[in-house]
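# Breakdown of the fold
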Amino acid sequence: MISLVMPPKDQISIMNNTLTNEYGTASNIKSRVNRLSVLSAITSAQQCLKHYSRVPPKGLVVYCGTILTDEGKEKKVSIHFEPFKPINTSLYLCDNKFHVEALQELLDNDSSFGFIIIDGNGCLYGRVTGNNREVLTHFSVDLPKKHGRGGQSAQRFGRIREEKRHHYLRKVAETATQVFISNNRVNDTGIILAGSAEFKNDLMKSDLFDPRMRAKVVNIVDVSYGGVNGFDQAISLSQECLSNVKLVQETKLIEKLFDEISLDTGKYAYGIQDTLRALDMGAVETLIVWESLDVNRVMLNGPDGIEVERFFTPAQEADRSNYVDKETGAELEVKEKMPMLEWLTEVYKEKGATLEFVTDRSTVGSQFVKGFGGMGGLLRYKMDVTTLDGDDNDMYYDDDEEIVNDDDDYFF
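Reading the values: rules and limits
Residues numbered from 1 in each chain as written. Predicted model: local features only at pLDDT ≥ 70, side-chain atom pairs only at ≥ 80, totals over all residues. Heavy atoms only, no water. Helix = DSSP H or I, 4+ residues; strand = E, 2+ residues; numbered from the N terminus. Buried < 20%, exposed > 50% of the residue type's maximum accessible area, 1.4 Å probe, protein only. Contact = heavy atoms within 4.5 Å. Areas by Shrake-Rupley, 256 points an atom, 1.4 Å probe, with all protein chains shown as cover. Axes fitted to C-alpha atoms, helices over the stretch in contact; angles between N-to-C directions. Parallel < 35°, antiparallel > 145°, perpendicular 65-115°, else oblique. Left-handed = near helix turned anticlockwise from the far one by under 90°. Nonpolar A, V, L, I, M, F, W, Y, C, P; charged D, E, K, R; others polar. Disulfide = S-S within 2.5 Å. 1 Å grid on protein atoms, 1.4 Å probe; cavity = no way out; pocket = protein on both sides within 12 Å on 5 of 7 lines; lining within 4 Å. Points joined across faces, edges and corners; volume = space filled by probe spheres on them. Core = buried A, V, L, I, M, F, W, Y, C linked by side-chain atoms within 4.5 Å. pLDDT = per-residue confidence, 0-100. Phe/Tyr/Trp six-rings, centres within 6.5 Å; stacked < 30°, edge-to-face > 60°. Polar contact = N/O pair within 3.5 Å; in protein donor to acceptor, adjacent residues only side chain to side chain. Pairing = 2+ DSSP bridges.

## Comments concerning the overall build of the chain
The helix and strand inventory of the chain stands at 12 helices and 20 strands. Here the chain holds 412 residues, and the buried ones make up 42% of them. A sequence separation of at least 24 residues applies to 66% of the contacts in the chain between residues at least 6 apart. Approximately 22,800 Å² of the chain is accessible, and the part contributed by carbon and sulfur atoms is 47%.

Next up, the structure:
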């Protein structure tokens, strides 16, 4: 199996030469089966690259090889696409599996952070998303120093200097608004101010700085340089802050759900069954789901031809009694099966909800997973989901983080 990842600035011709050399090397593999498999995968990869005259702006990912289907049959696959975010990893591997670690990093690092690097020589605006660093725009400035050459009174020179500094701060603030705000909201998870002088602190205190961005400032750092070098240093000094922001945000989100529950406002749902009922009615405004929730959505064909939707844990899937109709005793045929998390990413917008994935790395996150089933929702209006039609059984996590159910199956 060939796994090929090319960052935006790579060249198709260089990778074609690499594949040609690999083809010659693979021709010497002694095992006939392995040799033919590798040669076939390399040929497929070369055919995929012919679709591109150059690497797309966000990079290129190619997977080619032979896989085993659920029925145990061999199937050749050739997949090539431009990732949804810029990718910096360069990879070529021939292995017995596809390597998707680079893509996983894109999913893990979905938060973007804006950087403003400001000093007496100019200002740079950048953005960091995962391991991708991008300079958005920059400009230079020529500010007067603290001392003039003579011929001007000290007061007049000081007034001119302060006016130019004020105009500079105004331009910095206005450009920041243009770069980081669209549709009346800040585009990034957080803003980081950096610089070698007091400009960064003056900007933070200034009324010229948009209050929407001021509320998003997560760190202010001192750097020794301006421009790109200062940008790199600011990223290095902000690593701990960047890694903690998402954890803080998900903690606040879960705590908001816990507050609704403790106050018994009725504008909440928790547990897989109750949350899915509320989601189906369009009542969920924010859907909160543990990112590692191991539950599958299974569609079954009933004896009367009516489709039955159920949600099973791996242990419940292995129990054949869950595939038997309780009334007739007839065996139910599996029509479709997919991870519930994947299904939710496809339907949450149709239900009018926003989807937020959380981890169990924080105290409240662990409590959410173990005590509340790893799934909950903040509702648009007050309602009692327990009065809706459906079975009363529910899922929860015990101390060993195993899913436990009060009944043999879980569905509604």
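## Comments concerning the packing of helix H8 (residues 239-262) against helix H12 (residues 363-372)
Axis separation between H8 and H12 bottoms out at 9 Å; the angle between their running directions is 50°. Of the possible angle classes, the one that applies to H8 and H12 is oblique. Classified by chirality, the crossing of H12 by H8 is left-handed. Here H8 contributes Thr-251, Ile-254, Glu-255, Leu-257, Phe-258 and Ile-261 to the contact with H12, which in turn contributes Val-364, Gly-365, Gln-367, Phe-368 and Phe-372. The class makeup of the residues in the contact of H8 with H12 is 7 nonpolar, 3 polar and 1 charged.

## Describing the state of the cysteines
Throughout the structure, instances matching the rule amount to 0 disulfides. For Cys-64, which is in no disulfide, the shortest distance to another cysteine sulfur is to Cys-48 and amounts to 3.8 Å.

## As for empty space enclosed by the protein
Taken as a whole and judged by the stated rule, the model has 1 cavity of 30 Å³ or more. Roughly 40 Å³ of internal volume is contained in the largest cavity. Forming the walls of the largest cavity are Ser-37, Ser-40, Ala-41, Ser-44, Gly-65, Thr-66, Lys-76, Val-77 and Ser-78. Contributing elements (two or more residues each) for the lining of the largest cavity: helix H2 (32-49), strand E2 (60-68) and strand E3 (74-81). If one sorts the elements of the lining of the largest cavity by residue count, H2 sits on top with 4 residues. Tallied by class, the residues present in the lining of the largest cavity amount to 2 nonpolar, 6 polar and 1 charged.

## Structural notes on the nonpolar core
If you look at the biggest cluster of nonpolar residues, it comprises 27 residues, and the most contacted ones within it are Leu-276, Leu-293, Met-340, Leu-344 and Met-375. Those elements that provide at least two residues to this core are helix H9 (272-280), strand E13 (284-290), helix H11 (340-347) and strand E18 (375-379). Considering every element that reaches this core, the biggest residue donor is H11, with 5 residues. Not counting residues up to four positions away in its chain, the partners in contact with Met-340 are Ile-272, Leu-276, Leu-293, Val-295, Asn-296, Arg-297, Phe-311 and Met-375.

## Side note on the confidence of the model for the chain
Close inspection of predicted coordinates is inappropriate in any region flagged by low pLDDT. Looking at the chain as a whole, its pLDDT mean stands at 84, while 90% of the residues score no less than 70. Between residues 391-412, whose pLDDT stays under 50, and residues either more than four places distant or in other chains, the model counts 75 contacts.

## Side note on the packing of aromatic side chains
According to the stated counting rule, one finds 11 aromatic pairs in the structure shown. Relative to Phe-231, the ring of Phe-115 lies with its centre 5.3 Å away and its plane at 55°, an arrangement referred to as tilted. Separated by 116 residues along the polypeptide, Phe-115 in strand E5 (residues 112-119) and Phe-231 in helix H7 (residues 227-237) bring together distant segments of the chain. Both residues of the pair, Phe-115 and Phe-231, belong to the buried class.

## A few points about the side chain of Ser-238
You can see Ser-238 is positioned in the loop between H7 and H8. Relative accessible area serves as the criterion here: at 0%, Ser-238 is assigned to the buried category. A distance of 3.5 Å separates polar atoms of two side chains, one belonging to Ser-238 and the other to Asn-219. A polar side-chain atom of Ser-238 sits 2.8 Å from the main-chain carbonyl oxygen of Ala-234. Beyond its immediate chain neighbours, meaning those up to four positions away, Ser-238 contacts Phe-115, Ile-192, Asn-219 and Val-221.

## Some words on the pairing of strand E1 (residues 2-6)
Most of E1 is tucked away: 5 of the 5 residues are buried. Burial along E1 is two-sided: Ile-2, Leu-4 and Met-6 and Ser-3 and Val-5, pointing in opposite directions, are all buried. Relative to strand E4 (residues 91-94), E1 runs antiparallel, the two sharing 4 bridges. Directly across from Leu-4, in E4, lies its bridge partner Tyr-92. Across 5 bridges, the pairing between E1 and E2 is antiparallel. From the neighbouring strand, Ile-2 faces E2, where its bridge partner is Cys-64.

## Looking at unusual backbone geometry
A positive phi angle is found at Asn-184, which is not glycine, with a value near 65°. Within the element layout of this structure, Asn-184 appears in the loop between strand E8 (181-182) and strand E9 (185-186). The exposed category is assigned to Asn-184, whose relative accessible area is 61%. Backbone geometry at Asp-264 places phi at a positive 55°, although glycine is not the residue there. As for its placement among the helices and strands, Asp-264 is situated in the loop between H8 and strand E12 (268-270).

## A look at the packing of helix H1 (residues 12-26) against H2
Where H1 meets H2, the closest approach of the two axes is 10 Å, and the angle between their N-to-C directions is 165°. The angle between H1 and H2 falls in the class roughly antiparallel. Helix-helix and strand crossings are classified by hand; for H1 and H2 the assignment is left-handed. Within the contact between the two elements, H1 uses Ile-12, Met-15, Asn-16, Leu-19, Thr-20, Glu-22, Tyr-23 and Ala-26 and H2 uses Arg-35, Val-38, Leu-39, Ile-42, Thr-43, Ala-45, Gln-46 and Leu-49. Residues that form the contact of H1 with H2 fall into these classes: 10 nonpolar, 4 polar and 2 charged.

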